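Observations on the model geometry
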Amino acid sequence: MKKNLSFHSRKILLFFLSLGLLTVISWIIPLRPTYSEFEKRELTKFPPFSLQALFDGSYFDQIDLWFSDTFPFRDTFITGNSYLRQLYGLHPVQVSGDVEEGDAIPSAPSRPSSSPESSSAPETAESTSAPEEPSSAPDVSSEAPAPEKDVTGEVTQSLGAVLIVGDSGYEYYNFSKDVADQYIGMLNHTAQTLEGTAQVYDMVIPTSMDIMLPDSFRQGLNTSSQKDAIAYISGSLTPSIKSVQIYDTLKAHSDEYIYFRTDHHWTALGAYYAYRSFADVKGITPLELSQCEKKEFSGFLGAFYSDTNKNPALAQNPDTVVAYVPPGNIKMQYTDRNGNTYNWPLISDVTDWATSTKYSTFIGGDNPYTIIQNSDLTDGSSCLVIKESFGNAFIPFLAANYQTVHVIDYRYWNGNIQDFVKTNGVQDVLFLNNVSATRNSSLVGKMATLTK
């Protein structure tokens, strides 16, 4: 009994000694961090003293916040806790960032007339089967506001709130009717000014939230329906624009690896299925994957990983970037943001590149202007793709169908689209945007400045 009591006493003593040691450590100011690498933020600073804060009690509240927010080895403890939860098989649903409320998505109005002089919808079976909703119809003449810019002078695009489920990330989508209407107006205006010169196509790409996350799970989330948003946009375009519908196509392949888990982009396989839909609308024979050389680059940790403070659940299952090199004598050249021109492979070997940059295997990444030429074709066919980064995985497939593919990343390019089309004799113009870009006023605003 006495022996057991002594052992029990030693345990109590050890506990209080450990507690005392941790207390001493916790008050060692130099050990207290000022910045969290894990959370990518400045930590709470020790509050400045003031008599007012002392008497109203807020001074000690601020000290409590500083004390808890800057505990020594904070990031180590947080990371360790995450890994312990992983070991026990706990994969909680997590949300990174602020979830915004989207606008109500109206039913798509009847397609507006392609005639600039008339704003009424044509008398079609579609327009007579359901009455128009004037409050829902976009103003096709509206212009997007001037694009917002960051300190470098470039338009900005960042992920919204990110949902982590198990080892996969999903970006929330909140519909903005004003920005969607500006996107629609920009497209309709471009089509009208290019009528008789080039055929305009539009493809709005859904993100993984709508395609890969089960409907039963997504219904309980504060995220807008991408299917309804895309239907509203495509249903509001002038009839001269050929809208390429890929939502149902991608949904039918949702059991395949068509989106990355750690990144917001689609994979080359997802882009390929969309390319086949474009080929069907265009009326051309699509390239078969079996005709391509397949390349794989493992160890990719993309934007979801970096934007969720390097979530360990994502790190345990990195993505593999698969790329397909089309056959033929294909040459590519791009111009960077400083105006320098480089000859570059259509698909780069990114084996030894940083884990976060492997998506740049496609067309050399994001550059203001890229030209791809297939010397095996002599029919004079040409296409201009106006895109953001989702277009990168799609464009290599087009090289098999066009003698010349021009690529403009509208975020970095300056000029006029219509002038470029006419000067270069472009036959097809494809606007290629993920649905999240169509709710981003800075991106739509930049497109509008290029198509006035």
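Remember, predicted model here, so these are calculated numbers, not experimental data. (Residues numbered from 1 in each chain as written. Predicted model: local features only at pLDDT ≥ 70, side-chain atom pairs only at ≥ 80, totals over all residues. Heavy atoms only, no water.)

Turning our eyes to something else, we now look at the overall build of the protein. Secondary structure assignment for the protein yields 16 helices and 15 strands. Burial status across the protein gives 48% buried among its 452 residues. Within the protein, contacts between residues at least 6 apart in sequence are counted, and of these 74% link residues at least 24 apart. Entry remark: accessible area of the protein is about 21900 Å², with carbon and sulfur atoms responsible for 53%. (Helix = DSSP H or I, 4+ residues; strand = E, 2+ residues; numbered from the N terminus. Buried < 20%, exposed > 50% of the residue type's maximum accessible area, 1.4 Å probe, protein only. Contact = heavy atoms within 4.5 Å. Areas by Shrake-Rupley, 256 points an atom, 1.4 Å probe, with all protein chains shown as cover.)

So, about the nonpolar core. Ranked by size, the top nonpolar core spans 91 residues in total, and within it M203, W266, I372, F394 and V429 carry the most contacts. For this core, the leading source of residues is helix 11 (residues 268–282), giving eight residues. In contact with V429, not counting residues within four places along its chain, are L194, A198, Q199, V200, Y201, L384, I386 and V421. In terms of nonpolar packing, the next biggest core, distinct from the first, is built from seven residues, A161, Y172, M209 and L221 among them. (Core = buried A, V, L, I, M, F, W, Y, C linked by side-chain atoms within 4.5 Å.)

For helix 9 (residues 226–235), a buried count of seven out of ten residues is recorded, marking the element as mostly surrounded by other parts of the structure. Listed in full, the buried residues belonging to helix 9 are Q226, A229, I230, Y232, I233, S234 and G235. Summarising the contacts, the buried residues of helix 9 are in contact with helix 6 (177–193), strand 6 (199–205), helix 7 (208–211), strand 7 (242–243) and helix 10 (247–252).

We now examine unusual backbone geometry. In this structure, N309 is a non-glycine residue whose phi angle is positive, near 60°. By the secondary structure assignment, N309 is in the loop between helix 12 (303–307) and helix 13 (312–315). A positive phi angle, near 55°, is found at K310, a position not held by glycine.

Our next topic: the packing of aromatic side chains. Scanning the entire structure with this criterion turns up 18 aromatic pairs. Seen from their ring centres, W413 and F420 are 6.0 Å apart, and the 90° between their planes marks the pair as edge-to-face. F420 matches W413 in its accessibility class, with the two residues each being buried. Chaining the aromatic ring pairs together yields one cluster made of Y201, Y272, Y273, Y275, F278, Y324, F394 and F397. (Phe/Tyr/Trp six-rings, centres within 6.5 Å; stacked < 30°, edge-to-face > 60°.)

Turning next to the pairing of strand 5 (residues 168–171). Side chains S168 and Y170 of strand 5 all project onto a buried face; the interleaved residues G169 and E171 project onto the opposite face, where all are buried too. In the sheet, strand 4 (residues 162–165) pairs with strand 5 via four bridges, with the strands oriented antiparallel. From the neighbouring strand, L163 faces strand 5, where its bridge partner is Y170. Between strand 4 and strand 5, which pair antiparallel and follow one another directly, the connecting turn spans two residues, one of which, G166, has a positive phi of 65°. (Pairing = 2+ DSSP bridges.)

Throughout the structure, instances matching the rule amount to eleven salt bridges. A salt bridge links D428 to K282, with the shortest nitrogen-to-oxygen separation between them at 2.7 Å. One end of the pair, D428, is in strand 15 (residues 428–434); the other, K282, is in helix 11, and 146 residues separate them in sequence. Salt-bridge contacts for K387 lead to D366; the nearest nitrogen and oxygen are separated by 3.1 Å. Within this pair, whereas K387 is found in strand 13 (residues 382–387), its partner D366 is found in the loop between strand 11 (341–343) and strand 12 (369–374), the two being separated by 21 residues in sequence. (Salt bridge = Lys/Arg side-chain N within 4 Å of Asp/Glu carboxyl O.)

It is worth spelling out the confidence of the model for the protein at this point. Chain-level pLDDT for the protein is 82 on average; 72% of the residues reach the 70-or-more range. Low pLDDT, under 50, characterises residues 82–91; the stretch is placed with ten contacts to residues that sit more than four places away or in other chains. Low confidence marks residues 113–157, where pLDDT is under 50. Its contacts with residues over four positions away, or in another chain, come to 79 contacts. (pLDDT = per-residue confidence, 0-100.)

To continue, consider the environment of K331. Tracing the backbone through its elements, the reader meets K331 in strand 10 (residues 330–335). Each C-alpha atom, one on K331 and one on A399, is 9.4 Å from the other, the two residues being 68 residues apart in sequence. Setting aside residues up to four positions removed in sequence, K331 forms contacts with I371, I372 and Q373.

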